[in-house]
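Now for the letters of each chain:
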Amino acid sequence: MPSVKLTEGVYWVGAVDWNIRYFHGPAYSTHRGTTYNAYLIMDDEITLVDTVYRPFADELLRHIREIVDPAKIDNVVINHVETDHSGTLPVIMGLAPQAKIYCTQRGKEGLEKHYFGGWDYNIVKTGDELKIGKRTLTFIEAPMLHWPDSMFTYMKEDAILLPNDAFGQHIATNFRFDDEVDMDEVMDEAAKYYANILLPFSPLVLKKLDEVTKLGIEIKMIGPSHGIIWRKDPGRIVNAYVKWAKGEAERKALVIYDTMWESTEKMAKAVVAGITSAGVTAKLFKLSVSDRNDIIKEMINAKAVIIGSPTINNDILPNVAPLLDDLKGLKPKNKIGMAFGSFGWGGGAVGTIEEKLKAAGVEIIHDPLTVKWVPTPDELTRCFEAGRMVGEKI
Ligand code: FEO
């Protein structure tokens, strides 16, 4: 695939990774692959904004060479240190040792601790501008979106925002723009990205969006560092971010569980039936056959999170723990919840679930549902009624 022109003199020169299935080590499933987007600006000073993950260095260089000799690059803007974007910086600096690097103070510290390059760093802060010829680049620090070093680069004259990870999606496509691809898939991946990476920083997302709005800048195009470029409708992803950051929920509940000998599963299905009787959408996920990151994506617009596990060794099943730990870190907003589960002699699982839901900021709206051994019809009715109560509350 060749480089792609965004507008006169501005090119996507990144790489498409069709095969990656896990990101951040094993932490994030990427069923649809990803892209590492880098942008080349041809002006009096040739400027590269971000690089790509090191295994894709050849693809980046091939794309740059379609336009210019990489040795002629004058400036490299590093919006974010994480290696999926800065990994090829040493290669670029080897070819263009005269190039100046523009990044935040924390960006410099992070780059030095990754690559030990001793390069010519130029530290920028919010509002700083770099004139590269006909064009002006404005920098906007964006700490914790999603690393302390993160920043956005705004191309003033072209009204293009290059915000690195923000507004990105892990999806590999052969086209680069939002008007060329299946947008249902893109929005699905954008939601997953937000839910799994940016959710805990939602207050900062709202603050940053407010700050950018107050700057009064026009945004014709958003070129994130992953996935497609928002050309036709950049407002679509900005509005989605506002909704997700505010924790706006739909009439939807998730019932998430695992089971040993089907007792907890029977309880889960009775809870779902109760929610359904209240006219509310319920989605049932058995953890051992579901993708945890996909469940977290579903959580982004769900009002209720109901989690069940039988008791083993006085505690939850081991495969229920990672989701609860993720929730504690992600701190989803405005959720209600409940714990349930079967036991044999000593309980314990529901206590752990409730405690972890509370630690994640979930409001517990019903006492834990417990059943000894196998649920009786009456006990299943109790589960149904609890589900109905949750549905009515939603
Ligand atoms: Fe896509 Fe935070 O790196």
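### Thoughts on the packing of helix α9 (residues 292–299) against helix α10 (residues 321–330)
It is the contact of α9 with α10, at a shortest axis distance of 11 Å, that shows an interaxial angle of 45 degrees. Accordingly, the angle class assigned to the pair α9 and α10 is oblique. The hand of the α9/α10 crossing is right-handed. Residues Arg-292, Ile-295, Ile-296 and Met-299 of α9 pack against Pro-322, Leu-323, Asp-326, Leu-327 and Leu-330 of α10. Partitioned by chemical class, the residues of the contact of α9 with α10 number seven nonpolar, no polar and two charged.

### Side note on a nonpolar patch on the surface
A contiguous nonpolar surface patch, about 450 Å² in accessible area, is contributed by Trp-345, Trp-373 and Val-374. Tracing the chain through its elements places Val-374 in the loop between β22 (369–372) and α12 (377–393). For Val-374, a relative accessible area of 51% puts it in the exposed group.

### Notes on the domain arrangement of the chain
When cut into domains, the chain gives domain 1 (4–246) and domain 2 (250–389). Centre-to-centre separation of domain 1 and domain 2, based on C-alpha positions: 38 Å. Each partner contributes to the interface: domain 1 provides 16 residues, whereas domain 2 provides 13 residues. Roughly 1300 Å² of surface becomes buried between domain 1 and domain 2 when both sides are summed, with 54% attributable to carbon and sulfur atoms. Summed over the three residues of domain 1 that lose the most area to domain 2, namely Ala-195, Asn-196 and Leu-199, the buried surface amounts to 33% of that side. Notably, a salt bridge pairs Glu-250 with Lys-243, separated by 3.5 Å at the nearest N-O pair. In this assembly, domain 1 and domain 2 are joined by nine residue pairs in polar contact (both at pLDDT 80 or more). For the side of domain 1 that touches domain 2, the secondary structure elements donating two or more residues are β5 (28–29), α5 (183–198) and α7 (234–246).

### Concerning the environment of Val-10
Topologically, Val-10 is positioned in strand β2 (residues 10–12). For Val-10, a relative accessible area of 1% gives the class buried. Sequence-wise, Val-10 and Leu-48 are 38 residues apart; in three dimensions their C-alpha atoms are separated by 9.8 Å. Residues within four places of Val-10 in sequence aside, it is in contact with Val-4, Lys-5, Leu-40, Ile-41, Arg-135, Met-155 and Asp-158.

### What to know about the environment of Ile-256
Among the structural elements, Ile-256 can be located in strand β17 (residues 252–257). In this structure, Ile-256 is in contact with Phe-285, Leu-287, Ile-295, Met-299, Val-305, Ile-306, Ile-307, Gly-308, Leu-323 and Phe-340, ignoring residues within four places of it in sequence.

### Looking at the side chain of Thr-173
Position of Thr-173 among the secondary structure elements: in the loop between β15 (160–164) and α5. When its relative accessible area of 9% is taken as the criterion, Thr-173 is described as buried. Of note is the side chain of Thr-173, whose polar atom sits 3.0 Å from the side chain of Arg-176. With residues up to four places along the chain from it excluded, the contact list for Thr-173 reads Met-1, Val-16, Trp-18, Thr-35, Val-181 and Ile-228.

### A closer look at the sheet that holds strand β13 (residues 136–141)
Think of a sheet as strands paired side by side through backbone hydrogen bonds, with each pair either parallel or antiparallel. Overall, mixed pairing links the five strands, which are arranged β12-β13-β14-β15-β16 in an open sheet. Among the strands making up the open sheet, the edge pair consists of β12 (129–131) and β16 (221–224). Sheet twist, expressed as the mean angle between neighbouring strand axes with direction ignored, is 20 degrees.

### Thoughts on the sheet that holds strand β8 (residues 47–49)
Taken in spatial order, the seven strands make up an open sheet running β1-β2-β7-β8-β9-β10-β11, and their pairing is mixed. Strands with a single pairing partner mark the edges of an open sheet, and in this sheet they are β1 (4–7) and β11 (121–123). Put simply, the sheet's adjacent strands are angled 25 degrees from each other on average, direction ignored.

### Points about unusual backbone geometry
Of note, the amide linkage connecting Leu-145 to His-146 takes the cis form, showing an omega dihedral of 5 degrees. For His-146, the position within the fold is in the loop between β13 and β14 (151–155). In this structure, Ala-159 is a non-glycine residue whose phi angle is positive, near 55 degrees.

### Let's talk about the packing of aromatic side chains
This structure, assessed with the given rule, holds twelve aromatic pairs. Taking the centre distance of 4.6 Å and the plane angle of 45 degrees together, the rings of Phe-167 and Tyr-241 count as tilted. In this pair, Phe-167 sits in the loop between β15 and α5 while Tyr-241 sits in helix α7, placing the two residues 74 residues apart along the sequence. Residue class for Phe-167 comes out buried when judged on its relative accessible area of 3%. Each ring, one from Tyr-241 and one from Trp-244, has its centre 5.8 Å from the other, and the planes form 50 degrees; the classification is tilted. In this pair, Tyr-241 and Trp-244 both sit in helix α7, three residues apart, roughly one turn of the helix. Note on Tyr-241: relative accessible area 1%, which makes it buried. Taken together, Phe-167, Tyr-194, Tyr-241 and Trp-244 form an aromatic cluster joined through their ring pairs.

### A word on the pairing of β16
Alternating residues of β16 divide into Met-221 and Gly-223 and Ile-222 and Pro-224, and every residue in both groups is buried. With three bridges connecting them, β15 and β16 associate as parallel partners. If you follow Asn-164 over to β16, its bridge partner there is Pro-224.

What counts as what
Residues numbered from 1 in each chain as written. Predicted model: local features only at pLDDT ≥ 70, side-chain atom pairs only at ≥ 80, totals over all residues. Heavy atoms only, no water. Axes fitted to C-alpha atoms, helices over the stretch in contact; angles between N-to-C directions. Helix = DSSP H or I, 4+ residues; strand = E, 2+ residues; numbered from the N terminus. Parallel < 35°, antiparallel > 145°, perpendicular 65-115°, else oblique. Left-handed = near helix turned anticlockwise from the far one by under 90°. Contact = heavy atoms within 4.5 Å. Nonpolar A, V, L, I, M, F, W, Y, C, P; charged D, E, K, R; others polar. Patch = residues over 30% accessible without salt bridge, like charges linked within 9 Å, V, L, I, M, F, W, Y side chains within 5 Å. Areas by Shrake-Rupley, 256 points an atom, 1.4 Å probe, with all protein chains shown as cover. Salt bridge = Lys/Arg side-chain N within 4 Å of Asp/Glu carboxyl O. Buried < 20%, exposed > 50% of the residue type's maximum accessible area, 1.4 Å probe, protein only. Domains from an automatic or database assignment. Buried area = accessible area lost by both parts, 1.4 Å probe. Polar contact = N/O pair within 3.5 Å; in protein donor to acceptor, adjacent residues only side chain to side chain. Pairing = 2+ DSSP bridges. Phe/Tyr/Trp six-rings, centres within 6.5 Å; stacked < 30°, edge-to-face > 60°.

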